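Here is what each chain is made of, one letter per residue.
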Amino acid sequence: MAVDYTTQKELKEIENETQKCIDENYISDYTMAQCTIERTKKYNIEIERTIKAAKNILSKSQYEQLLKNQSKWEDFAKKHNKIHKINYPPYQPYLLAANDIYEITKDRAVYLNKFIEGLLSMKP
């Protein structure tokens, strides 16, 4: 069964793109933050792709549980972003929040990749 999920190689490419962008745009916090914001969007696309792929692997009830889990993670990410806006002085949150959201989104994409690969390794 062919399953279209995000591979480790694709995740590494996003990470490399991010670092290259930061290296090339080391002008201001704003320009570096744009690098992480754009790559966070890419990770979110890959998260969605992997969750859709899981539908072909999991039972209906397992898939519904995964969707609930994803919804809780999305709530966490939104609340986490709000914390940055409250806790940092006005000149700091932009880069810090962008980088932090990038990291937790990247971690989620990596986690889901490992989850799918684990499921696939158990299939006959």
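In short, a report on the structure. Source: prediction; values computed, not measured.

Structural notes on the overall build of the chain
(1) Moving on: When helices and strands are counted, the chain shows 4 helices and 0 strands.
(2) Moving on: Its helices and strands taken in sequence order, the chain reads α-α-α-α from the N to the C terminus.
(3) Moving on: Looking at the 124 residues of the chain, the share that counts as buried comes to 35%.
(4) Moving on: In the chain, 74% of the contacts between residues at least 6 apart in sequence involve partners at least 24 apart.

Some details on the packing of aromatic side chains
(1) Moving on: Evaluated as defined, the whole model comprises 2 aromatic pairs.
(2) Moving on: Ring centres of Tyr111 and Phe115 lie 6.4 Å apart, and the angle between their planes is 15°; on these two criteria the pair is classed as stacked. Of this pair, Tyr111 and Phe115 both sit in helix α4 (residues 93-122), 4 residues apart, roughly one helical turn.
(3) Moving on: The class for Tyr111 is partly exposed, based on a relative accessible area of 45%.
(4) Moving on: Judged by relative accessible area, which is 27%, Phe115 ranks as partly exposed.

Details of the side chain of Thr50
(1) Moving on: In this fold, Thr50 is placed in helix α2 (residues 29-54).
(2) Moving on: At a separation of 3.1 Å, a polar atom in the side chain of Thr50 contacts the side chain of Thr6.
(3) Moving on: Discounting residues that sit within four places of it in the chain, Thr50 has contacts with Tyr5, Thr6, Leu112, Asn113 and Ile116.

Focus on the pattern of salt bridges
(1) Moving on: Inspection of every chain in the model, using the stated rule, returns 9 salt bridges.
(2) Moving on: A salt bridge links Glu46 to Arg49; the nearest nitrogen and oxygen atoms lie 2.8 Å apart. Taken together, the positions of Glu46 and Arg49, both in helix α2 and 3 residues apart, correspond to about one turn of that helix.
(3) Moving on: For Glu46, a relative accessible area of 14% puts it in the buried group.
(4) Moving on: One continuous salt-bridge network, built from bridges that share partners, spans Asp4, Glu10, Glu46 and Arg49.

A word on the nonpolar core
It is characteristic of soluble globular proteins that their nonpolar side chains tend to be buried jointly.
(1) Moving on: Among the nonpolar cores identified, the biggest contains 21 residues, and Tyr43, Ile47, Ala54, Leu58, Tyr63, Leu66 and Ile116 are the most heavily contacted of them.
(2) Moving on: Listed by contribution, the elements that provide at least two residues to this core are α1 (8-24), α2, α3 (60-87) and α4.
(3) Moving on: Among residues more than four places away in sequence, those in contact with Tyr63 are Ile51, Lys52, Ala54, Lys55 and Leu58.

Remarks on the environment of Lys106
(1) Moving on: Structurally, the position occupied by Lys106 is in helix α4.
(2) Moving on: Residue Lys106 is classed as buried on the basis of its relative accessible area of 15%.
(3) Moving on: With 91 residues separating them along the chain, Lys106 and Glu15 place their C-alpha atoms 8.3 Å apart.
(4) Moving on: Not counting the four nearest positions on each side in its chain, Lys106 is found in contact with Glu15 and Tyr43.

Criteria and thresholds
- Residues numbered from 1 in each chain as written.
- Predicted model: local features only at pLDDT ≥ 70, side-chain atom pairs only at ≥ 80, totals over all residues.
- Heavy atoms only, no water.
- Helix = DSSP H or I, 4+ residues; strand = E, 2+ residues; numbered from the N terminus.
- Buried < 20%, exposed > 50% of the residue type's maximum accessible area, 1.4 Å probe, protein only.
- Contact = heavy atoms within 4.5 Å.
- Phe/Tyr/Trp six-rings, centres within 6.5 Å; stacked < 30°, edge-to-face > 60°.
- Polar contact = N/O pair within 3.5 Å; in protein donor to acceptor, adjacent residues only side chain to side chain.
- Salt bridge = Lys/Arg side-chain N within 4 Å of Asp/Glu carboxyl O.
- Core = buried A, V, L, I, M, F, W, Y, C linked by side-chain atoms within 4.5 Å.

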